Amino acid sequence: MDIKNRILEIVPEAEFSENGSLVAIVPSSNLYTLAKRLKNDEDTSFDYLLSLTGMDFGDSLGVIYHLESTKYGHMIVLQTSTNDKDKPELYSVSDIWKGANINEREAYDFFGIRFINHPDMRRIFLRDDWVGFPLRKDYNDELNPLRMTNEVTEDMTQELTLDKDGTFTNKENIIFDDQEYVINIGPQHPATHGVLRFRTSLQGETIKKIEPYCGYIHRGIEKMCESLTYPQTLALTDRLDYLSCHQSRHALCMCIEKAIGVEIPERVQYIRTIMDELQRIDSHLLFYSCLCMDLGALTAFFYGFRDREKILDIFENTTGGRLIQNYNVIGGVQADLHPNFVKDVKEFSSYMRKILKEYHDIFTGNIIAQQRLKDVGVLSREDAISFGATGGTGRASGWACDTRKRKPYGVYDKVSFKEIVYNEGDSFARYMVRMDEIVESLNIIDQLIDNIPEGEYQVKMKPIIRIPEGKYFASVESSRGEFGVFIDSRGDKSPYRMKFRATGLPLVAAVDTITSGGKIADLIAIGGTLDYIIPEIDR
Amino acid sequence: MNSFFKYFHSLFSGILTLLIGMKTSMKVFLRKKVTEKYPENRDTLKISDRFRGTLVMPHDTENHHKCVACGICQISCPNGSIVVHFDTVVSEDGKKSKVLTNYEYDLGNCMYCQLCVNTCPHDAICFDNSFEHAVFSREKLIKKLNREGSTLVKK
């Protein structure tokens, strides 16, 4: 089926641009109808909103939607914009895809685009008293000095509704009313794994509603990237999700390499794939440790950290870093593999396979762990897709969302590995997916480690890298889901707009759905098994 | 009767899982220790050669460095950790050249992205292994990398 013709059928005014990737440019008045048709029609069924990017095109403000179908695997990029820069208003798609809700709040926060019919139009990362919208090109930074007053948490939110007779009204929606018992979990709470704050409304010990507050460590990485050259932007990706820095950097390098059309040597592909998998084991070991500690099993916590240390030593020998590794560069990797790398990885692989049994003995089988994880925090498959909750969370809900299988990159098409999918959708399934993935990652590494081809570890690049004009997108399977990089280039040495699809943002958005009706004590187990990383959410 | 049986079954199987866990932790307890005693083990501590500790400018035995003060490192640094101060010297035949006076490096600002080392055309700077950076004030983190009285190496 030709999607292009299909879109023209629904919206005859649509235009197409093919710079980098196929983008359908749709007038803002038709976007909502088109989006709804694309999702609901049987033969298109774009049920997964991969990414929603706010844009400042210069003379207009707009949004770019990356859609994908989990049924057919096809993709399309939609773009819409409004010329009214003083009062930009676009239609919300948050009732079509649940994941759009939090992403549209981000677009409002950074670009000031108000989404019509969005139930909760508040800032998400920045303070409510922030002046201006920082990712707009005409933003003046001097309007926002360091504030010395506390931010007041509002219990009310705005909604811009469009009535049937075509008039806009501002409606006030209540987040928490005066009668509700609301407590703060975080921003400094060990079980939120970083500075994330949940305002939790309780009825006894049952959770009625959770409202996530992000942005405590927001650094504006996307804005910073706009003034950095491409090699310089690489340094920031390691600081997004510090437990998948190889993968995030791989995604950015891949996107840039794809855009300038560099052929990457086979050896680099092998090295990158092995490093990605080592990083995944590293991340899953830390996940295991932290989950165990959250549930009170401190002994198991140390087991995970003990073995993670071995991976960090391997990393340190080759890349020179333990947490921030700085290894992938545009056109290759920073340095060749350390002479001991192959030996160390093989030793680690056989050690890890043996030691995993101990992990299961001490924690997985444990009656307390079982009772605290099983049937707790169930996320249905439909919700997982609608929120865009990829990675271990999505696969635990029965959604085969592994980017390594769906859109193979590196040398994942040359290795055989199983995609771990559980159907229960509860915390225990989310835990087991990651534990089983450690074994699968070891399988991948074992298949590759003896066959690393000889050759260059880096392609010589020009001193100044410019990307031809266009829109580019690349995604990888990071340790906790599909991590995507979107670059809009105007042909300069730095990007016009760079957007990172955070893997954690949909997870945080889904917390309310997962926990509602559950007990407050289960929030810890649910948060632990969702395995979000805050620096990546906040960016 | 059935629920009675179920109750005791889950009770004893639960206790069994706890015993298995206990056995595992005792097994690990009796193994060789893997922890390291830092800072007592400073002499035997092994750090990878590629570890990025501090940016340094290697000098040879005659106090020569390789920096020509071209400033490429300063341009490629993403957050301005490097400032190259130089004098412009006119030689006898009228050629202008830059002479390094102070290679200022702010360790507190550096994010170890290695772009300065990668782009340096003369391999004048590199990272060394030292990692004990703690000081009492931020000013001490601003370092001068070229030594006192050092000059450019003669080709």
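Residue indices follow the written sequence of each chain, beginning from 1 at its first position. Labels follow written order: the first chain is A, the first ligand is 1, and so on. In keeping with the predicted nature of the model, local features appear solely for residues at pLDDT of at least 70, side-chain atom pairs appear and are counted solely at 80 or more, and the whole-chain, interface and lining totals rest on all residues. Calculation of side-chain values draws on the structure's entire complement of heavy atoms; hydrogens and water are dropped beforehand.

Enquirer: Quick rundown of the overall build of chain B? Include the residues and the values.
Expert: Going along the chain from the N terminus, every DSSP run of H or I of four or more residues is numbered as a helix, and every run of E of two or more is numbered as a strand. When you go through chain B residue by residue, the secondary structure sums to 3 helices and 7 strands. The linear arrangement of helices and strands in chain B, starting from the amino end, is α-β-β-α-β-β-α-β-β-β. Radius of gyration: over C-alpha atoms. The globule rule applied is 2.2 Å multiplied by the number of residues raised to the 0.38 power. Against the compact-globule benchmark of 15 Å for 155 residues, chain B has a radius of gyration of 29 Å, which places it well outside the compact range. Note on classification: 1.4 Å probe, protein chains only; a residue is buried when its accessible area is under 20% of the maximum for its type, exposed when over 50%, partly exposed between these limits. Across the 155 residues in chain B, those meeting the buried criterion constitute 31%. Residues count as neighbours in contact if any of their non-hydrogen atoms are within 4.5 Å of one another. Contacts in chain B between residues at least 24 apart in sequence constitute 70% of all its contacts with a sequence separation of at least 6. A positive count includes Lys and Arg, and a negative count includes Asp and Glu. His and the chain ends are not counted in either. For this purpose, a charge sits on NZ of Lys, CZ of Arg, CG of Asp or CD of Glu. Of the charged side chains in chain B, 22 are positive and 16 negative, and the gap between their average positions amounts to 14 Å.

Enquirer: With reference to specific residues and values, describe the side chain of Thr 53 of chain A.
Expert: All names here are of chain A. Looking at the element boundaries, Thr 53 is found in strand β3 (residues 48–56). N or O atoms closer than or at 3.5 Å make up a polar contact, with two conditions inside protein: a donor-capable atom paired with an acceptor-capable one, and, for residues adjacent in sequence, both atoms drawn from side chains. Here the side chain of Thr 53 touches Ser 51 through a polar contact of 3.4 Å, side chain to side chain. Residues contacting Thr 53, with those up to four places away along its chain left out, are Gly 62, Val 63, Ile 64, Phe 486, Arg 497 and Lys 499.

Enquirer: How would you summarise unusual backbone geometry if you had to cite specific residues and measurements?
Expert: Negative phi values dominate among residues other than glycine, just as trans dominates among peptide bonds. For the bond from Tyr 38 of chain B to Pro 39 of chain B, the omega torsion is 5 degrees, close enough to zero to count as cis. As for its placement among the helices and strands, Pro 39 of chain B is situated in the loop between α1 (2–29) and β1 (54–56). Not every positive phi belongs to a glycine, and Ser 45 of chain A is a case in point at roughly 35 degrees. Summarising the element assignment, Ser 45 of chain A is placed in the loop between α2 (28–40) and β3. Phi is positive for Gln 114 of chain B, close to 75 degrees, though the residue is something other than glycine. Along the chain, the position of Gln 114 of chain B falls in the loop between β4 (96–106) and α3 (115–119).

Enquirer: Before we move on, could you go through the packing of aromatic side chains and cite the residues and values that matter?
Expert: Any Phe, Tyr or Trp ring, taking Trp's six-membered ring, that has another such ring centre within 6.5 Å forms a pair; planes under 30 degrees apart are called stacked, those over 60 apart edge-to-face, and the others tilted. One pass over the full model with this rule turns up 19 aromatic pairs over all chains. For the pair Phe 110 of chain A and Phe 125 of chain A, a centre-to-centre distance of 5.8 Å together with 20 degrees between the ring planes defines the contact as stacked. Highlighted residues: Phe 110 of chain A in helix α3 (residues 100–111) and Phe 125 of chain A in the loop between β7 (114–116) and β8 (156–162), separated in sequence by 15 residues. Comparing Phe 110 of chain A with Phe 125 of chain A, the two get one shared label, buried. Each ring, one from Tyr 38 of chain B and one from Phe 131 of chain B, has its centre 6.0 Å from the other, and the planes form 45 degrees; the classification is tilted. Placement of Tyr 38 of chain B in the loop between α1 and β1 and of Phe 131 of chain B in the loop between β5 (126–128) and β6 (142–144) is noted, with a sequence separation of 93 residues between them. Looking at Tyr 38 of chain B, the relative accessible area reads 40%, which means it is partly exposed. Within the aromatic cluster, the residues linked to one another by ring pairs are Phe 287, Tyr 288, Tyr 359, Phe 363, Phe 428 and Tyr 431 of chain A. Charge-over-ring contacts are defined here by two conditions on Lys NZ or Arg CZ: a distance within 6 Å of the ring centre and an angle within 35 degrees of the ring normal. Over the aromatic face of Tyr 496 of chain A sits the side chain of Lys 137 of chain A, whose NZ or CZ is 4.1 Å from the ring centroid.

Enquirer: Hey, could you go over the interface of chain A and chain B for me, with residue numbers and the actual values?
Expert: Interface extent is often summarised as the accessible area lost during association of the parts. The partner chain B presents 26 residues to the 31 residues of chain A that form the contact. By convention in these notes, a salt bridge is any Lys or Arg side-chain nitrogen within 4 Å of a carboxyl oxygen on Asp or Glu. Summed over the shared surface of chain A and chain B, the result is 1 salt bridge. Between Glu 358 of chain A and Arg 31 of chain B there is a salt bridge; the shortest N-O distance is 2.3 Å. If you look at where chain A meets chain B, you find 15 residue pairs in polar contact (both at pLDDT 80 or more). Only α5 (230–237), α8 (298–319), α9 (341–364) and α10 (367–373) of chain A provide two or more residues apiece to the side of chain A that touches chain B. No other element matches α8 of chain A, which puts 7 residues into the side of chain A that touches chain B. When grouped by side-chain class, the residues that make up the side of chain A that touches chain B number 12 nonpolar, 13 polar and 6 charged. Under this grouping Gly is polar, as are all residues other than the nonpolar Ala, Val, Leu, Ile, Met, Phe, Trp, Tyr, Cys and Pro and the charged Asp, Glu, Lys and Arg.

Enquirer: Could you give me a rundown of the sheet that holds strand β1 (residues 15–17) of chain A, with the residues and numbers involved?
Expert: In a beta sheet, neighbouring strands are held together by backbone hydrogen bonds and run either parallel or antiparallel to one another. All names here are of chain A. Strand pairing requires that DSSP identify at least two bridges connecting the strands. The 5 strands lie next to each other as β1-β2-β5-β4-β3, forming an open sheet whose pairing is mixed. A strand with exactly one partner marks an edge of an open sheet, and here the two such strands are β1 and β3. When strand polarity is set aside, the average angle formed by the axes of neighbouring strands in this sheet is 25 degrees. Sheet contacts for α2: β4 (61–68) and β5 (75–82); angle to β5, the most-contacted strand, approximately 155 degrees. Against the sheet, α3 contacts β3 and β4, and its axis sits at roughly 10 degrees relative to β3. To get an axis, a line is fitted to the C-alpha atoms, and for a helix only the part in contact is used. The angle between two axes follows their N-to-C directions and goes from 0 to 180 degrees.

Enquirer: Can you break down a nonpolar patch on the surface residue by residue, with the values?
Expert: A surface patch of nonpolar side chains, amounting to about 860 Å² of accessible area, comprises Phe 4, Tyr 7, Phe 8, Leu 11, Phe 12, Ile 15, Leu 16, Leu 19 and Ile 20 of chain B. Here Ile 20 of chain B lies in helix α1. Only residues above 30% relative accessible area that lack a salt bridge enter a patch, with like-charged residues linked at up to 9 Å and the nonpolar side chains Val, Leu, Ile, Met, Phe, Trp and Tyr linked at up to 5 Å. We get accessible surface area from the Shrake-Rupley algorithm with a probe of 1.4 Å; when it comes to residues, only the shown protein chains can shield them.

Enquirer: Tell me about the side chain of Arg 123 of chain A, and name the residues and values.
Expert: Residues and elements named next belong to chain A. Within the secondary structure, Arg 123 is located in the loop between β7 and β8. Arg 123 gets classed as buried once you look at its relative accessible area, which sits at 10%. Here Trp 130 takes part through its backbone oxygen, which lies 3.4 Å from a polar atom of the side chain of Arg 123. Apart from the residues within four sequence positions on either side, Arg 123 is in contact with Arg 105, Tyr 108, Asp 109, Asp 128, Trp 130, Gly 132 and Phe 133.

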